Amino acid sequence: MQRPLAASLLTTLALSLALAGCSAAAAPEVKDTGPPTAPTGVTATAGSSRTVHVMWSAATDDRAVTGYTVYSEGRKVKDLPATTLMTDVVGLVPASTHRFAVRARDAAGNVSPPSATVTATTLPAAAEDRTAPTAPTGLRVAADGSRAATLHWRPAKDDTRVTAYDVYQADTRIHTVPGTATTAHVTGLRPGTAYAFTVRARDAAENSSPDSTHVDLTTAPSPGAPANTAPADLVVTAARGEITVTWLPPVTGAPVTHHQLDLDGRFATTIVWGNAPPSGRATYTFPVQDPPGTRYTLTLRAQLPDGTWGDFSAPRTVVVR
């Protein structure tokens, strides 16, 4: 007679625990009422007679910042995602002064206080100008910790004047400084990552120079993290109907037999050596059918002896011929 009674007690206990668990799971989520902090480090630089480039540093939130709003004269002019920390405000009047501020927002709709207000004056309208500046020269880079870097270059030349320098990482603009500057401080980098930077000069008519020569930088890894394993000295050249890639495989203690090639951040192919991999510099050529002028950004990574994929190389941009 004791066995059924024990089973009944166990069943009652299990049911009570289940109900308690359901009750705990159903507890309402705490409402998010805390706004993000105000963005800091806001700058505004006139790039031409009708554009101003606005940049800022990321805000923080107790959960997550989901976007930014840029204001001009107190009126909203741009809504941007949280990953974007700069924008061009266009369609302005030549030789006019404008005030800008930025606010951050989170998923609950909380909005930060406005940032400090910055001003910029667009350049005077000029006669039609179709001549681009020359490319900046002497570009060099120095790491500033594992998350920032400083670029230096020699000034470009223009038939009127250089009004801005644009810094590109691969083929994406990430920073802008006035035309009087010859340095730029780039932040928001990731530790243990390979980067390639170029700089273009721009004039008041929005003519952009060719790219400067590129410079590579591999940021220091986080404490305790392994060293970077990216292929080095990547060189990409285009001929009619084909692209050739050459590089130095990483030193891994064993032959590197597989490499992964990405185009514009998407997997393109796996390069596999049929026999022993080449010693020293490796070369791979592949056909392209895109029209001349098509731009690609290439990156490469190696398969390590343990079967995992290593770090991506610094990117290279190539134009199809």
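Here, every reference points to the structure presented above.
Computed from a predicted model, the values in this text were never measured in an experiment. The numbers attached to residues start from 1 for each chain and follow its sequence in the written order. Note on the predicted model: pLDDT of at least 70 is required for a residue's local features to be given, and 80 or more for side-chain atom pairs to be given and counted; whole-chain, interface and lining totals, by contrast, use all residues. Side-chain figures throughout are based on the complete set of non-hydrogen atoms in the structure, without hydrogens or water.

Participant: Can you help me understand the sheet that holds strand E13 (residues 194-203) in this one?
Facilitator: What links the strands of a sheet is backbone hydrogen bonding, and the strands pair in either a parallel or an antiparallel sense. Strand order across the open sheet formed by 4 strands is E11-E10-E13-E14, with antiparallel pairing between neighbours. Edge positions in the open sheet fall to strand E11 (172-178) and strand E14 (215-218), since each of these has one partner strand only. Averaged over all pairs of adjacent strands, the angle between strand axes in this sheet comes to 30 degrees, irrespective of strand direction. Where strand E10 (residues 162-169) meets E13, 7 bridges bridge the pair, whose relative direction is antiparallel. Bridge assignment links Tyr-165 to a residue of E13, and that residue is Ala-201. Any two strands are treated as partners once DSSP identifies two or more bridges connecting them. Helix and strand definitions here come from DSSP, where helices need a minimum of 4 consecutive H or I residues and strands a minimum of 2 consecutive E residues; each element is numbered from the N-terminal end. To get an axis, a line is fitted to the C-alpha atoms, and for a helix only the part in contact is used. The angle between two axes follows their N-to-C directions and goes from 0 to 180 degrees.

Participant: How should I be thinking about the environment of Thr-198 in this particular structure?
Facilitator: Here Thr-198 is to be found in strand E13. Sequence separation of Thr-198 and Asp-166 is 32 residues, and the distance between their C-alpha atoms is 8.5 Å. Note on contacts: a residue pair is in contact if any heavy atoms of the two residues lie within 4.5 Å. Apart from the residues lying within four places of it in its own chain, the contact partners of Thr-198 are Leu-139, Asp-166, Val-167, Tyr-168, Ala-170, Asp-211, Ser-212, Thr-213 and His-214.

Participant: Explanation requested: the environment of Thr-60 in the structure shown.
Facilitator: By the secondary structure assignment, Thr-60 is in the loop between strand E2 (52-57) and strand E3 (65-72). Sequence separation between Thr-60 and Ala-196 is 136 residues, and the spatial gap between their C-alpha atoms is 28 Å. Beyond its immediate stretch of four places on either side in the chain, Thr-60 contacts Pro-36, Thr-37 and Val-65.

Participant: Quick question: what am I supposed to make of the pairing of strand E15 (residues 232-239) here?
Facilitator: Across a regular strand the side chains alternate sides, sitting on one face of the sheet and then on the other. With 6 bridges joining them, E15 and strand E16 (residues 242-248) adopt antiparallel strand pairing. Of the residues in E16, the one forming a bridge with Ala-232 is Leu-248. Hairpin remark: E15 followed by E16, antiparallel, with 2 residues in the connecting loop; positive phi at Gly-241, about 80 degrees.

Participant: Can you walk me through the pattern of salt bridges in this structure?
Facilitator: Side-chain pairing between opposite charges can occur once the charged atoms of the two side chains come close. The term salt bridge refers to a side-chain nitrogen of Lys or Arg lying within 4 Å of a carboxyl oxygen of Asp or Glu. A full pass over the atoms with the stated rule returns 13 salt bridges. A salt bridge links Arg-105 to Asp-79; the nearest nitrogen and oxygen atoms lie 3.6 Å apart. Taken as a pair, Arg-105 in strand E6 (residues 97-106) and Asp-79 in strand E4 (residues 75-81) lie far apart in primary sequence, 26 residues in all. When salt bridges that share partners are traced, they join Asp-88, Asp-166, Arg-173, Arg-202 and Glu-206 into one network.

Participant: I tried to follow the packing of aromatic side chains on my own but got confused; where do I start?
Facilitator: By convention, a stacked pair of Phe, Tyr or Trp rings (six-membered ring in the case of Trp) has centres within 6.5 Å and planes under 30 degrees apart, an edge-to-face pair has planes over 60 apart, and any other such pair is tilted. Inspection of every chain in the model, using the stated rule, returns 5 aromatic pairs. Judged by centre distance (6.0 Å) and plane angle (15 degrees), the ring pair of Tyr-195 and Phe-197 falls under stacked. We note that Tyr-195, like Phe-197, is buried. With 5.9 Å between their ring centres and 25 degrees between their planes, Tyr-284 and Phe-286 make a pair best called stacked. Throughout, exposure labels follow a simple rule: accessible area from a 1.4 Å probe, protein chains only, divided by the maximum for the residue type, with under 20% read as buried, over 50% as exposed, and the rest as partly exposed. Under the relative-accessibility criterion, Phe-286 is labelled buried at 9%.

Participant: For this particular structure, what's the right way to read the environment of Ala-276?
Facilitator: Locating Ala-276 in the fold gives a position in the loop between strand E18 (266-272) and strand E19 (282-287). Distance in space between the C-alpha atoms of Ala-276 and Thr-187 is 41 Å, their sequence separation being 89 residues.

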